[in-house]
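The chain contents come next:
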Amino acid sequence: MRLLVCGGAGFIGSTFARQRLREHGDEVTVFDKLTYAGREENFHDIGEDPRFRFIRGAIEDREALAAAVEAASPEAIVNFAAETHVDRSIAEPDAFVRTHALGTYVLLDAARERDLRYVQVSTDEVYGSIDEGTFTEESPLAPSSPYSATKAGADLLVQSYFHTYGLQALICRGSNNYGPYQYPEKLIPLMVLNALHGDSLPIYGDGMQVRNWIHSTDFAAAIGHVLEHGHPGDVYNAGGPDEEANMTVVRRIVELTGASESQIEHVADRPGHDVRYSLSSEKVRALGWEPRVRFEEGLGQTVAWYRDNGWWWEPIRSGDYRAYYERQYGRSLHG
Ligand code: NAD
Ligand code: TYD
């Protein structure tokens, strides 16, 4: 297949691009704005593949997008492009509204113009928090943060293009991803790198919040299944096999890195913090997908990857990330 992968320079998008090139023999054009989270380093091992191409641009930029679509001549568009960190959405929601609402709209128009199959990559956070039980595709949307609210808005736009214009559009909603190449603002890579450096491990509130963890290669594979076998107009949830409280995850990281539990610090809770996410994946399993990586094994591999790949994260930790980290954690960690 010839694919245009928007947002493919980020964590999951680059994992998906690698998987489609290596395991499916697809032609992949990545179109990405390269925000702080998008990095050409994520293509270090696929950049030279003749079936791979990278074009820099924003999905809300109609002209740049049209040029990329012309160059890639895709059979399908898969959209990963997003601002993805809840804490940043609380501090500065602007880019979230622009990319998720305006960007998704412009991209849908481009897909409609050529009648392309379209997969929107979305999140379980659009359903909000659930104390007991599990979200299905029928659960109502009840997002809590500017991140999840704008992602829900994007999902509704996608569905409107299916209903109104007959666009062959599908949505795949994943639970919390972890694995190599994840920007260290998210829980697992942040804690791994801080643990390895002897820094504080900042837990929001009591740390009893629960997340449903999925390895990025499993989520990428679920998106591939939806792309190839999904029913247009439908939503597919893809959750991981394990649910863990944040404290349990961080304690395990302390053990795996040989850090000390005394590095753990409880800091002010995130405003509007969702207590628990849990996702039923029966519908995507019926397409032939199943998660392969259990959390215990995947976390060990992920810690080893960060330990062995300083070349990837050293430029991040010494760049703009420091200013972000200071803004987000400075006051609560230093008193
Ligand atoms: P990421 O932050 O690592 O990457 C996002 C990518 O999108 C970056 O390469 C960035 O440069 C690009 N981008 C941002 N705005 C853009 C724009 N306007 N135009 C073009 N490119 C733009 O994110 P990720 O964790 O890889 O997430 C990818 C997708 O998966 C997102 O849609 C996210 O909502 C969804 N998702 C993520 C998770 C998770 O746990 N990380 C879970 C479920 C769903
Ligand atoms: P995060 O990785 O930001 O993903 P999301 O908010 O999209 O689920 O956070 C995962 C969980 O970890 C969430 O409950 C918030 C918590 N958390 C901390 O306790 N400390 C931190 O420094 C971060 C980044 C997250």
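Residue indices begin from 1 for each chain and proceed along its sequence in written order. Think of it this way: whatever chain is written first is A, whatever ligand is written first is 1, and the rest follow in order. Where local features are concerned, this predicted model is filtered to residues with pLDDT of at least 70; where side-chain atom pairs are given and counted, the filter is 80 or more; whole-chain, interface and lining totals use all residues. Based on all heavy atoms of the structure, the side-chain values leave hydrogens and waters out of the count.

Caption draft 1: Structural detail: the overall build of the chain. Secondary structure elements are taken from DSSP: a helix is a run of H or I of four residues or more, a strand is a run of E of two residues or more, and numbering for both begins at the N terminus. A count of helical and extended segments in the chain gives twelve helices and twelve strands. C-alpha atoms define the radius of gyration, and 2.2 Å times the number of residues to the power 0.38 defines the globule rule. Taking 2.2 N^0.38 as the reference for a compact globule, 335 residues should give roughly 20 Å; the C-alpha atoms of the chain span a radius of gyration of 19 Å, in line with that estimate. Here the C-alpha coordinates of the chain stretch approximately 55 × 45 × 35 Å along the principal axes. Throughout, a contact is declared for two residues whenever any of their heavy atoms are within 4.5 Å. A fraction of 83% describes how many contacts in the chain between residues 6 or more apart in sequence connect residues 24 or more apart. The accessible surface values rely on the Shrake-Rupley method and a 1.4 Å probe; as for residues, cover is taken only from the protein chains in view. With the model as given, the accessible surface of the chain reaches about 13,700 Å², and the carbon-plus-sulfur share is 47%.

Caption draft 2: Structural view of the domain arrangement of the chain. What marks off one domain from the next here is an automatic or database domain assignment. Here the domain parsing of the chain yields domain 1 (2-178 + 213-238) and domain 2 (187-211 + 242-277 + 295-326). Between the C-alpha centres of domain 1 and domain 2 the distance comes to 25 Å. Taken together, the 22 residues of domain 1 in the interface contact 23 residues of domain 2. For this document, the term salt bridge refers to a Lys or Arg side-chain nitrogen within 4 Å of an Asp or Glu carboxyl oxygen. In this structure, the connection of domain 1 to domain 2 is made through one salt bridge. Across the salt bridge formed by Asp87 and Arg270, the nearest N and O atoms sit 2.7 Å from each other. Polar contacts, as counted here, are pairs of nitrogen or oxygen atoms within 3.5 Å of one another; within protein the pair requires one atom able to donate a hydrogen and one able to accept it, and residues that are adjacent in sequence qualify only if both atoms are side-chain atoms. The tally of links from domain 1 across to domain 2 stands at 13 residue pairs in polar contact (both at pLDDT 80 or more). Top contributing element to the side of domain 1 that touches domain 2 by residue count: helix H3 (residues 86-91), with four residues. Of the residues assigned to the side of domain 1 that touches domain 2, the class counts are five nonpolar, nine polar and eight charged. Gly falls in the polar group here, along with every residue not listed as nonpolar (Ala, Val, Leu, Ile, Met, Phe, Trp, Tyr, Cys, Pro) or charged (Asp, Glu, Lys, Arg).

Caption draft 3: A look at the sheet that holds strand S9 (residues 210-215). Pairing is mixed in the open sheet, where three strands are placed in the order S7-S9-S11. The open sheet has two edge strands with one neighbour each: strand S7 (176-178) and strand S11 (242-245). Here the strands of the sheet are splayed against their neighbours by 45° on average, with no regard to which way each runs. Summarising the sheet, S9 and S11 pair through four bridges and their orientation is antiparallel. Looking across to S11, one finds that Arg211 is bridged to Glu244. The rule for pairing is simple: two strands pair if DSSP sees at least two bridges between them. Note on geometry: axes are lines fitted to C-alpha atoms, helical ones only across the stretch in contact, with angles between N-to-C directions running from 0 to 180 degrees.

Caption draft 4: Region of interest: the site of ligand 2. Ligand 2 sits among 18 residues. The nearest are Glu125, Arg211, Arg270, His273 and Tyr329. Contact distances for ligand 2 include 2.9 Å between an oxygen atom and a side-chain N or O atom of Asn246. In this structure, an oxygen atom belonging to ligand 2 sits 2.7 Å away from a side-chain N or O atom of His273. Within the complex, 98% of the 510 Å² of free accessible area of ligand 2 lies under protein. We call a residue near a given molecule or strand whenever any one of its heavy atoms falls within 4 Å of it.

Caption draft 5: Representation of the side chain of Asp242. Following the sequence through the fold, Asp242 ends up in strand S11. The class for Asp242 is buried, based on a relative accessible area of 12%. With near-sequence residues (within four places) excluded, Asp242 lies in contact with Arg211, Asn212, Trp213, Arg294 and Phe295. Burial classes follow relative accessibility: with a 1.4 Å probe on protein chains only, a residue under 20% of its type's maximum area counts as buried, one over 50% as exposed, and anything between as partly exposed.

Caption draft 6: Region of interest: the site of ligand 1. By nearness alone, 30 residues border ligand 1, and Ile12, Asp32, Thr84, Tyr147 and Lys151 come closest of all. Here an oxygen atom of ligand 1 and a backbone polar atom of Thr35 are 2.9 Å apart. The backbone of Phe80 places a nitrogen or oxygen atom 3.1 Å from an oxygen atom of ligand 1. Protein contacts shield 97% of the accessible area of ligand 1, which totals 840 Å² for the unbound molecule. Top element by residues in the shell around ligand 1 is strand S5 (residues 117-123). It accounts for three residues. In terms of residue class, the shell around ligand 1 is made up of 13 nonpolar, 13 polar and four charged.

Caption draft 7: Up close: the sheet that holds strand S4 (residues 76-79). The sheet built from seven strands is open, its strands ordered S3-S2-S1-S4-S5-S6-S10 with parallel pairing. Edge strands, defined here as strands with exactly one partner in the open sheet, are strand S3 (52-56) and strand S10 (235-238). Geometrically, the sheet is characterised by an average inter-axis angle of 20° between neighbouring strands, direction not taken into account. In this structure, S5 lies alongside strand S6 (residues 169-174), joined through six bridges in parallel fashion. Paired with Tyr118 across the two strands is Ala169, which belongs to S6. Contacting strand S1 (2-6), S4 and S5, helix H4 (residues 94-114) runs over the sheet at an angle of about 160° to S5.

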